[in-house]
Amino acid sequence: MEANLKQKTTVLQRILGMRDFGVLVAALLIAAFFSIATPVFLTGYNLFNLLRQTAQLGIIAMAMTVLIVSGEFDLSVGAIYAVTGVVTGLLATKAGLNIWASALVGVVAGLGLGFLNGLLIATTRINSFIATLSTMMVFRGIALVLSQAQPFSLQLSFFMDLFGRAELFGVVPVPIVWLLGWGVALYLVLHRTAFGVKVFASGDNREAADLAGIKTMRVKQVGFLITALAAGLSAIISLSFLKTVTPTQGTGLELEAIAASVIGGTAMSGGVGSILGTFLGTLIMAEVRTGLVLLGTDAYVQDAFVGLVIALAVIINVRLSTKKK
Amino acid sequence: MAEPMLQLRGLTKRFGGLTAVDRVDLEVYPGEVVGLLGDNGAGKSTLIKMVSGVYHPDGGQIFFQGREIRLGSPMDALELGIETLYQDLALAENLNVYANIFLGRERTKPFLGLIRVLDHANMHEESEKVLKRLEIEIPSLKSQIKHLSGGQRQAVAIGRSIYWNAKLLIMDEPTAALGVQEQRKVLDLVRVLASQNIPIIVISHQLYDIFSVTDRLVIMRRGRKVAERRTKDTTPDEVVGLIIGSEEVAQQPAGGPPAD
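Residues numbered from 1 in each chain as written. Chains lettered and ligands numbered in written order. Predicted model: local features only at pLDDT ≥ 70, side-chain atom pairs only at ≥ 80, totals over all residues. Heavy atoms only, no water.

Our next topic: helix H11 (residues 216-242) of chain A. Residue and element names in this part refer to chain A. Along its 27 residues, H11 runs 39 Å from first to last C-alpha, staying within 8% of the 39 Å computed at 1.5 Å per residue. A large share of H11 lies buried, amounting to 20 of its 27 residues. Within two residues after H11, Lys-243 carries a phi angle of roughly 65°, on the positive side. (Helix = DSSP H or I, 4+ residues; strand = E, 2+ residues; numbered from the N terminus. Expected span 1.5 Å × (residues − 1). Buried < 20%, exposed > 50% of the residue type's maximum accessible area, 1.4 Å probe, protein only.)

Residues and elements named next belong to chain A. Mapping Ser-102 onto the fold places it in helix H5 (residues 99-124). Here the side chain of Ser-102 touches Asn-98 through a polar contact of 2.7 Å, landing on its backbone oxygen. Leave out the neighbours within four places in its chain, and Ser-102 touches Thr-88, Leu-91, Ala-92 and Leu-97. (Polar contact = N/O pair within 3.5 Å; in protein donor to acceptor, adjacent residues only side chain to side chain. Contact = heavy atoms within 4.5 Å.)

Okay, the sheet that holds strand E12 (residues 224-230) of chain B next. Residue and element names in this part refer to chain B. The strand order across the open sheet formed by 6 strands is E6-E9-E10-E3-E11-E12, and the pairing between neighbours is mixed. The strands lining the two open edges of the sheet, one partner per strand, are strand E6 (82-85) and E12. This sheet shows a mean twist of 20° between the axes of neighbouring strands, independent of strand direction. Packed onto the sheet, helix H5 (residues 150-163) meets E6 and strand E9 (168-172) and runs at close to 175° relative to E6. (Pairing = 2+ DSSP bridges. Axes fitted to C-alpha atoms, helices over the stretch in contact; angles between N-to-C directions.)

Another point: helix H9 (residues 194-204) of chain A. With 9 of its 11 residues buried, H9(A) lies for the most part within the structure. Every buried residue of H9(A) is accounted for by A:Ala194, A:Gly196, A:Val197, A:Val199, A:Phe200, A:Ala201, A:Ser202, A:Gly203 and A:Asp204. The inward-facing, buried residues of H9(A) abut helix H3 (44-69), helix H8 (174-192), helix H10 (206-211) and H11 of chain A together with strand E7 (108-111) and strand E8 (115-118) of chain B.

This paragraph deals with the interface of chain B and chain A. At the junction of the two partners, chain B supplies 25 residues and chain A supplies 23 residues. Across the chain B/chain A interface, buried area totals approximately 2,000 Å², and carbon plus sulfur atoms make up 65% of it. Connecting chain B to chain A are 1 salt bridge. Note that B:Glu106 and A:Lys198 form a salt bridge whose closest N and O atoms lie 3.0 Å from each other. Breaking the side of chain B that touches chain A down by element, the ones donating at least two residues are helix H2 (74-80), E7 and E8 of chain B. In terms of residue count, the dominant contributor to the side of chain B that touches chain A is E8(B) (4 residues). Residue classes in the side of chain B that touches chain A are distributed as 15 nonpolar, 5 polar and 5 charged. (Buried area = accessible area lost by both parts, 1.4 Å probe. Salt bridge = Lys/Arg side-chain N within 4 Å of Asp/Glu carboxyl O. Nonpolar A, V, L, I, M, F, W, Y, C, P; charged D, E, K, R; others polar.)

What follows is about the packing of H5(A) against H11(A). Residue and element names in this part refer to chain A. For the pair H5 and H11, the least separation of the axes is 8 Å and the interaxial angle reads 150°. Classified by the interaxial angle, the pair formed by H5 and H11 is roughly antiparallel. Handedness of the crossing formed by H5 with H11: right-handed. Listed contacts from H11 to Ala-103, Val-107, Gly-110, Leu-111, Gly-114, Phe-115, Asn-117, Gly-118, Leu-119, Ile-121 and Ala-122 of H5 are Met-217, Gln-221, Phe-224, Leu-225, Ala-228, Leu-229, Gly-232 and Ile-236. (Parallel < 35°, antiparallel > 145°, perpendicular 65-115°, else oblique. Left-handed = near helix turned anticlockwise from the far one by under 90°.)

This brings us to the packing of aromatic side chains. Counting across every chain of the model gives 10 aromatic pairs over all chains. Between A:Phe33 and A:Phe34 the ring centres are 5.2 Å apart and the planes differ by 70°, which places this aromatic pair in the edge-to-face class. Ring centres of B:Phe15 and B:Tyr55 lie 5.3 Å apart, and the angle between their planes is 75°; this geometry places the pair in the edge-to-face category. Here B:Phe15, found in strand E1 (residues 6-15), pairs with B:Tyr55, found in the loop between helix H1 (44-51) and strand E4 (59-64); they are 40 residues apart in sequence, far enough to count as distant. Of the residues examined, B:Tyr55 reaches a relative accessible area of 26% and is grouped as partly exposed. By way of ring pairs, the aromatic residues A:Trp100, A:Phe158, A:Phe159, A:Phe163 and A:Trp178 are connected into one cluster. Sitting over the face of the ring of A:Phe241, A:Arg165 holds its NZ or CZ atom 6.0 Å from the ring centroid. (Phe/Tyr/Trp six-rings, centres within 6.5 Å; stacked < 30°, edge-to-face > 60°. Lys NZ or Arg CZ within 6 Å of the ring centre and 35° of its normal.)

Opposite charge on two side chains allows them to pair when their charged atoms are near. Residue and element names in this part refer to chain B. Per the counting criterion, the structure on display carries 17 salt bridges over all chains. Ionic pairing is found between Asp-188 and Arg-184, a salt bridge with its closest N-O pair at 4.0 Å. Taken together, the residues span about one helical turn, with Asp-188 and Arg-184 both in helix H6 (residues 180-195) at a distance of 4 residues. Of the charged contacts in the structure, one is a salt bridge between Lys-225 and Glu-228, with a shortest N-O distance of 2.7 Å. Residue classification places Lys-225 among the partly exposed residues on the basis of a relative accessible area of 28%. Take Glu-228: its relative accessible area is 32%, and that puts it in the partly exposed class. One salt-bridge network, held together by shared partners, links Glu-32, Arg-216, Lys-225 and Glu-228.

Here is a general trend for soluble globular proteins: nonpolar side chains tend to be buried in one another's company. Counting 129 residues, the largest nonpolar core has A:Trp182, B:Val97 and B:Ile158 as its most contacted members. The dominant element in this core, judged by the number of residues it contributes, is H3(A), at 12 residues. If near-sequence neighbours (up to four positions away) are discounted, A:Trp182 is found in contact with A:Ile59, A:Met62, A:Ala63, A:Ile226, A:Leu229, A:Ala230 and A:Leu233. With 27 residues, the next largest nonpolar core counts B:Leu6, B:Leu26, B:Leu71 and B:Ile170 among its residues. (Core = buried A, V, L, I, M, F, W, Y, C linked by side-chain atoms within 4.5 Å.)

Laid out in structure tokens, this is it:
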């Protein structure tokens with residue numbers, strides 16, 4: 001009898017990895033609710049708009065998932081996002097550099113900051129939550145000093161089209177293409193490669209991973225590079241779409257990314273999480289926000305609602321994982 | 001006698017002012033099960049960790065298959081065929097059985113000619129083979145470690161070391177976390193492995209286990225090797241005396257527990 005039950009759960013798990021399946025159902029239910037509540041929700045225009053707005057957060061949240069699975073956090077992503085934007089904007093406007101070269105330098109600068117995060121954690125062994133809390137403030141300071149706290153306006157160009165403004169086949173906003181492309185890449189890295197297994201093992205049982213010959217510190221350092229790269233890509237998409245850069249952009253983005261990851265089933269303790277789950281988690285957050293806007297809800301109430309969704313998701317996750325045992 | 005598989009000469013490890021392992025000599029021969037005994041803090045685990053590449057010795061030499069070796073990391077030891085099973089069962093709880101067996105040495109195959117992806121089918125199949133060879137039964141190799149019993153976990157850990165063609169197996173408290181029946185199974189497994197000519201070092205507090213499974217005993221106290229006995233020539237009483245350092249008992253093997 002008991003064996004039978006066990007067999008059933010494994011079959012169900014196989015459908016979509018069980019947890020991802022639950023998140024998918026939640027995403028669909030919320031979509032169904034808003035579709036009934038407001039006729040505007042289920043329109044092509046709204047759905048594409050929703051996804052486009054999700055792109056920046058989704059790209060960072062999926063990278064954050066890789067890092068959280070490895071057992072670390074990066075609270076400085078929002079600040080790295082700002083530094084990448086400011087460096088790019090500064091070079092393209094004040095230095096008169098070509099936008100391509102400016103963006104490249106901006107992204108590399110962001111990667112440099114990610115490398116510093118990894119180095120800091122490897123050499124001092126400080127908890128990454130605290131370490132990146134401090135680098136978040138330092139990096140934000142860098143963005144403010146470099147820009148003299150002023151925003152930049154950028155010229156329209158092919159570059160802007162490619163990263164932010166164009167529409168594939170005339171309908172799909174190009175940020176969605178970047179979101180999906182980045183998602184597939186991270187999916188392959190985390191769920192299909194040997195490196196991905198090392199990420200899971202590092203967050204699951206670090207000592208065991210070390211004893212199995214995995215260089216867990218190296219794995220985590222790569223994780224910090226991935227979040228920094230995501231912040232860079234996201235910043236490029238943002239400045240391309242908005243044509244502007246502000247040094248305060250991305251404030252709070254790190255917490256939204258962690259929230260999306262948690263809604264998607266990532267365990268804060270490490271060793272559990274999925275890219276698809278986080279993608280759906282990001283979607284749920286966007287659904288709730290846009291849905292509330294369409295319903296004409298007060299803007300100040302939205303954050304409170306997203307907060308409730310996070311709490312609910314965590315409760316369900318904990319219930320699911322204890323039930324399985 | 002055959003050449004020793006492992007030979008330690010004057011192996012020493014200090015932590016600050018404390019000498020955890022003090023000039024220990026030890027030989028292990030092919031197909032032999034050696035019990036390493038001692039009270040808490042006697043230096044057994046430290047000694048073992050030098051052989052498995054976790055600690056670097058401060059003095060002395062390690063010879064493996066007749067050649068002196070220097071181990072920079074656990075991976076160096078694994079590559080030579082020195083496999084260690086730790087008492088807290090070094091497995092990743094959320095990964096499945098075959099992912100743990102291949103942990104750190106995952107099998108991959110090319111994908112679209114661009115990247116290498118995990119070869120699940122191969123790892124599953126190979127894991128099945130090795131567990132079968134050890135007569136270990138686990139319902140599904142796709143189940144996560146956290147859903148397995150202590151004995152099944154130990155079996156997975158042993159399966160892992162065997163798959164990688166262990167030339168020397170070190171087991172730190174292999175039965176500590178197990179129920180009685182599972183303890184029996186693990187001890188049987190130790191004999192199966194020894195009969196396949198793999199030498200094994202077993203650390204244990206359970207005298208019964210040690211006596212039922214080993215050929216030779218090495219006793220440590222405060223970092224030093226204090227005695228070495230053939231298992232069939234000694235008694236639990238004598239061994240207890242040696243562990244806690246009561247000379248009288250050591251001289252009178254048949255005596256009762258020491259009045260320490």
